Structures are given as structure tokens and as C-alpha cells.
Amino acid sequence: MPFAPFDWIDDEARRRADAGLVRTLRPRPAEPELLDLASNDYLGLTRHPEVTAAAAGAARRWGAGATGSRLVTGSTALHAELERELADFCGFEAALVLSSGYAANLAALTALTGRGSLIVSDAGNHASIVDGCRLSRAETAVVPHADPDAVRKVLHAHGGRALAVTDSVFSVDGDAAPLPELADACRTEGAALLVDDAHGLGVLGEGGRGALAAAGLAGGEGIVTTLTLSKSLGSQGGAVLGPARVIEHLVNTARTFIFDTGLAPAAAGAALGSLRLIRREPERADRARAVATALYEQLTEAGLTAVRPDAAVVSVRAPSADAAVRWAADCRAEGIAVGCFRPPSVPDGVSRLRLTARADLTQEQIATAVAVVRRTAPVS
Ligand SMILES: Cc1ncc(COP(=O)(O)O)c(C=O)c1O
């Protein structure tokens, strides 16, 4: 038999092509050529001169890299400052920053659960939560989307150590989780609640303090949140926020913190720069939500099927994966960048265009984007 250990890859590639699910990397120029409704730069901060200057200043002072795990090469004053300000802004006792939001979810889930404990996870949760559940070795019960009664029932039947986990705003449809009801179920059943606020930070709550602040749950005894620094804060990296003893436990046990190089100084500097800017300009959060509502209203008035946004993500249904890919390409050809979500990134198998509202979009840009999405829509 010939030695061909990777032939199976060609078979898989053919199957992907037949199903219209091939993914390709497109080059991105330094200067944006398209109107951007595809990125997660909700507050329009990633190119803000203050934020890029903070990144450059941090790199000059602390170096281009963190040089190792913070437990090995030391933890900078910059990391400590970012953690203090993040915790304070979002209303939690303590914070720990990691190299990505993905690593933050893996850290929280693996360190706070384990063999013999139970994780109750929403069916619409982000892939990093799914992977955290898998790595944790805990028993995982996947419950129907946004169903606090189902969470309560599963927790009640288990009775032992448990944690429920949910996105605050779901990345595919932009709908919000029922946080007060979930917190209540966890409280009465004695379970912890972990909320991934990747899409809530900067957009929800007063001045963008996040979904937990908006729900009056920030800093609660059994509540932990994970964040990404790569969306509203326009930087890169992630964080876990919660009670000080939880954060100390993570420093001692979370493998994606212990065995990973610390967050790069430039990323920490940029996140800190954005955080200070948001504190000074709290109206950015309201503006991002208003842009999302305007996009939704104009898209539905134009006859498209969209989901009413709870934060800054607007999701528009497409008839098939192929049609979604062609639709997004047609929008790009007309100068508008939109996201395209299709299997396996969508839990229900329904492909969508995903438009993100940016606080700095003008009324004219919103109208142009809607007109292009409408004009290029597949005829069903
Ligand atoms: C809900 C959610 N959680 C976590 C992540 C991962 O964050 P990061 O990109 O910082 O790894 C993302 C997106 O990227 C996300 O949408």
C-alpha cells in the first residue's frame, strides 16, 4: 500500500466543496477599502489614535512580547493596572487577563469544574465554551437555547457541585441570554454562573459596563464572567472577572494561564487605552446599540428577515450556505463587508449574514449598507 497518510484530507475537502462550505482566507489591505460591517470593532476603537499610541507606548516600555508565562518571567505593572481597571469598570472584585478570550473560557471552565461536577451549557454557546466543557472532564448537559427552566431542572436533578454557562449575547443571532432568570436558577440550586460577555462589554450596561452590570448581577457571589479584549476594546486578549478567591484559584490551576505566554504588552496597553477612552466617552455604547436598531429596522422594512438585536450584532437569514456566501461576496463587490455564518459555525444549521453595528457608522453609511444588502439579496 502506498504511503499516503493525508489522502483523507482530500476526501474531506471534496465533501466540503460539494456542501458549499469551503473557507478561504482573503487578503486584507492596511487601509480599509470597504465599509466595515463584518468586524467586531463595535466602538470603532481599533484604529483610534489614542488606542494605537497606547499599544505602541506599552511595547516600547515593556517589549514586544510578555517573554513567558507571568508566573515564570514576572507580572508587569501594566497587566496589574489593566486587571484593576477592568474589574473596577465591570463591577467585579478581581480580574485575570489571558492571551485571548478563547483561553479565558478554557481557563474558567477547566479551573472551576472537573470530574464529578456538572456543567450546564446553552446549545447556542460559543465554540470556546464548547471546547472548555470538553477539556474540563466534567459531565456536560447541553440545554435548549435561552431556557432557564431547563437549566434549573438539570441543576436540581444533579444536586452536587455545578456551574451553568452562557454567552451574554449570542454571537450568531445577537440575542441576549435571560441572565436574571439564569442567576436565580443558579442561586436556588447552589450552582455558579459563568457568563461570557464577549459581545456585551462596551455595548450593554451604563457606559458599556457589560451585560452583568446591566442586569444588576456584576460582582455577585456565585458569578464569574469572561471577556475578550478583541471586540469593543479593539485590542487582543481575554479576561476572567470574579471574586478574588476565584481569580487566585485560576492563577494556581488554569492551564491556559499557567502554560501560556502572558498577554502581549501592546495588547494590554491598547485595551487599557480603550477602557479609559470609554470611561471618558460613555455615549459610544448607546450609539452602538442605536446603530444596531437602525440597521435592524431598515433591513426589516426592506423585506429581509432579521433578528431584533439585543446588542450590536444584526443577523439576517439566508436561504442556504451557498446563497449566503454569494450574498456576502456580492455585498463586498458593492463596497460593503459583512460576515457570513454557515455550518459548522451555526448551531441550528441555518446560514446567515451577520452585520455588526459600529458606534461610528453614520446614518448615510447605514442607509447605504441596507440598500446594498437589499439589492444583492438572493431571490427565494
Ligand atoms: C462569545 C465569544 N466568546 C469568546 C470568543 C473568543 O474571543 P477571542 O477572539 O479573544 O479568543 C469569541 C470570539 O472571538 C466570542 O464571540
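Predicted model, so just to flag it, every value in this text is computed and none were measured.

Draft legend 1. Highlighting the domain arrangement of the chain. On domain assignment, one finds that the chain holds domain 1 (31-46 + 282-375) and domain 2 (49-280). Taking only C-alpha atoms, the centre of domain 1 and the centre of domain 2 are 25 Å apart. Counting only elements with at least two residues in the side of domain 1 that touches domain 2, the list comes to α13 (283-301) and β9 (313-317). A per-element tally of the side of domain 1 that touches domain 2 places α13 first, with four residues. Across the side of domain 1 that touches domain 2, the residue classes tally to 15 nonpolar, three polar and five charged.

Draft legend 2. Fine view of the nonpolar core. Of all hydrophobic cores here, the largest spans 125 residues; its most connected members are A107, A239 and V240. No other element matches helix α5 (residues 101-112), which puts nine residues into this core. A domain split of this core shows at least three residues from each of domain 1 (31-46 + 282-375) and domain 2 (49-280). Dropping the residues within four chain positions of it, A239 is found in contact with L86, A95, L96, V97, L98, A104, T226, L227 and L229.

Draft legend 3. Looking closely at the site of the ligand. Taken together, 14 residues are adjacent to the ligand, and S100, G101, Y102, A198 and T228 come closest. Considering every element that reaches the shell around the ligand, the biggest residue donor is α5, with three residues. Per-class residue counts for the shell around the ligand are two nonpolar, ten polar and two charged.

Draft legend 4. Up close: unusual backbone geometry. Looking along the chain, the bond that leaves P343 and enters P344 is cis, with omega of 5°. As for its position among the elements, P344 is in the loop between β10 (336-341) and β11 (352-356). Even without a glycine there, the phi angle at T67 is positive, about 70°. For T67, a count of 16 C-beta atoms within 10 Å corresponds to the partly exposed category. Within the chain, R137 stands out as a residue other than glycine whose phi angle is a positive 70°. The topology assignment puts R137 in the loop between α6 (127-136) and β4 (139-143).

Draft legend 5. Representation of the packing of helix α4 (residues 77-90) against helix α12 (residues 265-280) in the model. Where α4 contacts α12, the two axes come as close as 10 Å, and the packing angle between them is 35°. In the crossing of α4 with α12, the sense of the turn from one axis to the other is left-handed. On α12, the residues that touch L78, H79, E81, L82, E85, L86 and F89 of α4 are P265, A268, G269, A271, L272, L275 and R279. Residues of the contact of α4 with α12, tallied by class, amount to nine nonpolar, two polar and three charged.

Draft legend 6. Region of interest: helix α2 (residues 49-62). If you check α2, its first and last C-alpha atoms are 20 Å apart, about what 14 residues at 1.5 Å a residue would give, namely 20 Å. Within the sequence span of α2, burial applies to V51, A54, A55 and A58. Each buried residue of α2 lies within a common arc of 100° when the element is viewed along its axis, so the set occupies one face. Those residues of α2 that are exposed and angled more than 90 degrees off the buried face are P49 and R60. Following α2 by one or two positions, G63 has its phi on the positive side, about 100°.

Draft legend 7. Here's a closer look at the packing of α2 against α12. The contact between α2 and α12 brings their axes to 7 Å, and the two run at 140°. Considering the relative orientation of α2 and α12, their crossing is right-handed. Contacts between α2 and α12 involve E50, V51, A54, A55, G57, A58, A59 and W62 on the former and, on the latter, P265, A266, A268, G269, A270, L272, G273, S274 and L277.

Draft legend 8. Broad picture of the environment of T253. Among the secondary structure elements, T253 is positioned in helix α10 (residues 244-253). On a C-alpha basis, the gap between T253 and R289 in space is 37 Å, while along the polypeptide they are 36 residues apart.

Draft legend 9. Up close: helix α8 (residues 179-189). Restricting attention to buried positions, one finds in α8 the residues L179, L182, A183, A185 and C186. The arc that holds every buried residue of α8, seen down its axis, measures 160°, which confines them to one face. Exposed residues pointing more than 90 degrees away from the buried face of α8 are listed as P180 and T188. Buried residues in α8 make contact with α7 (148-158), β5 (162-167), β6 (192-196), α9 (211-214) and β7 (223-228).

Draft legend 10. Molecular detail of the pairing of β6. Within β6, five of the five residues are buried, which leaves the element mostly enclosed by the surrounding structure. Taking every second residue as pointing to the same face, both faces of β6 are buried, with A192, L194 and D196 on one and L193 and V195 on the other. Note that β5 and β6 share five bridges and pair parallel. Bridging across to β6, L163 finds its partner in A192. One crossover worth recording links β5 to the parallel β6 by way of α8, and it is right-handed. Pairing of β6 with β7, which is carried by four bridges, proceeds in the parallel orientation. In the sheet register, L194 faces β7, and the bridge partner there is V224.

Rules behind the numbers
Residues numbered from 1 in each chain as written. Predicted model: local features only at pLDDT ≥ 70, side-chain atom pairs only at ≥ 80, totals over all residues. Domains from an automatic or database assignment. Helix = DSSP H or I, 4+ residues; strand = E, 2+ residues; numbered from the N terminus. Nonpolar A, V, L, I, M, F, W, Y, C, P; charged D, E, K, R; others polar. Core = buried A, V, L, I, M, F, W, Y, C linked by C-beta atoms within 7 Å. Buried ≥ 20, exposed ≤ 12 C-beta atoms within 10 Å, placed from the backbone. Contact = placed C-beta atoms within 7 Å. Near = placed C-beta within 6 Å. Axes fitted to C-alpha atoms, helices over the stretch in contact; angles between N-to-C directions. Left-handed = near helix turned anticlockwise from the far one by under 90°. Expected span 1.5 Å × (residues − 1). Arc of directions from axis to C-beta. Pairing = 2+ DSSP bridges. Right-handed = clockwise from strand over helix to strand, strands pointing away.

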